[in-house]
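Structural overview for review
Each chain is listed here by its residues.
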Amino acid sequence: MACLKLFSVVGLVVLAATNTIGAGVATRACSGGRPAPTEVRVEGCTVPPCDLVRGSDAIMDMDFTAPFAAANLRTQVVATALGVTAPFELPADRAAACNWLLNAQCPVSANEDITYRLSMPVLLVYPRVSLTVEIDLVDDAGQSLACFELDARALPQPEEAAASSNDGASANTRIVLELTPEEAAAVEAMGGRGFWGDLWNGIKKAITIGCDLIDCQKQQQ
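Residues numbered from 1 in each chain as written. Predicted model: local features only at pLDDT ≥ 70, side-chain atom pairs only at ≥ 80, totals over all residues. Heavy atoms only, no water.

Let us look at the overall build of the protein. Secondary structure summary: the protein contains 7 helices and 9 strands in total. Counting all 221 residues of the protein, 40% fall into the buried class. Sequence-distant contacts, at least 24 apart, represent 70% of the contacts inside the protein between residues at least 6 apart. Working note: accessible area of the protein is about 11,500 Å², and carbon and sulfur atoms make up 56% of it. (Helix = DSSP H or I, 4+ residues; strand = E, 2+ residues; numbered from the N terminus. Buried < 20%, exposed > 50% of the residue type's maximum accessible area, 1.4 Å probe, protein only. Contact = heavy atoms within 4.5 Å. Areas by Shrake-Rupley, 256 points an atom, 1.4 Å probe, with all protein chains shown as cover.)

Structure representation (structure tokens):
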């Protein structure tokens, strides 16, 4: 029986090792003294800012040691871009962090070493901007078990980028040129739903300021 248990533990460790991705990336600690993870790995990224490709899932693995026991885990994401900070709502199945533990299961024990995988959808309508993403793994009471901040940028698919190659426009108006009418309508249709609704309001302010400085109509010709 002891040998069987040992083989089971070894099997979990091997499975976790084969499922993890890449090497660790540099992250920042969250505010408020929230515990930091041991290591964070982002698929396709070794040096921030990490590219979040629109129309795909951003995959991140986080190793951490649980500072206390928890019956349930959920993921809270907060994003900051263009001076706007707001919650980034994950789909319910992605926010349910217990479903995304690679080498453990809920409830988790204090001092347990855990690897958690976040699969964050990056929709095609998201504006192409640089942003900071805060990932916080919390229990049902909102207490943080592990939290980190990551610099990232939302980018188009390669074929989309090729179709809208750089036309030499000023960086001050780049955000105007890169947000297509379809994207603008889709983001605005999201109303006040968290980060992207708030960000779109910030984008409209940036467009107004930018066009006060530069002839936007001329730049777009």
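Moving on, we come to unusual backbone geometry. Cis geometry marks the peptide bond from Pro 48 to Pro 49, where omega comes out at 5°. By secondary structure assignment, the location of Pro 49 is in the loop between strand E2 (39–42) and strand E3 (50–53). Residues Cys 106 and Pro 107 are joined by a peptide bond in cis, for which omega reads 0°. Within the secondary structure, Pro 107 is located in the loop between helix H2 (92–95) and strand E7 (113–122). At Leu 82, a residue that is not glycine, the phi angle is positive and equals roughly 55°. When you line up the elements, Leu 82 lands in the loop between strand E5 (74–81) and strand E6 (84–87). Look at Leu 82 and you get partly exposed, because its relative accessible area is 44%. Of note, the phi angle at Asn 111 is positive, near 70°, even though the residue is not glycine. Its place among the elements puts Asn 111 in the loop between H2 and E7.

Turning our attention to the pattern of salt bridges. Under the counting rule described, the total for this entry stands at 10 salt bridges. Between Arg 34 and Asp 136 there is a salt bridge, and its shortest N-O distance comes to 3.1 Å. With a gap of 102 residues between them, Arg 34 in the loop between strand E1 (28–29) and E2 and Asp 136 in strand E8 (residues 130–138) connect regions that are remote in the sequence. Note on Asp 136: relative accessible area 4%, which makes it buried. Three or more residues joined by partner-sharing salt bridges are found here, namely Arg 28, Glu 149 and Asp 151. (Salt bridge = Lys/Arg side-chain N within 4 Å of Asp/Glu carboxyl O.)

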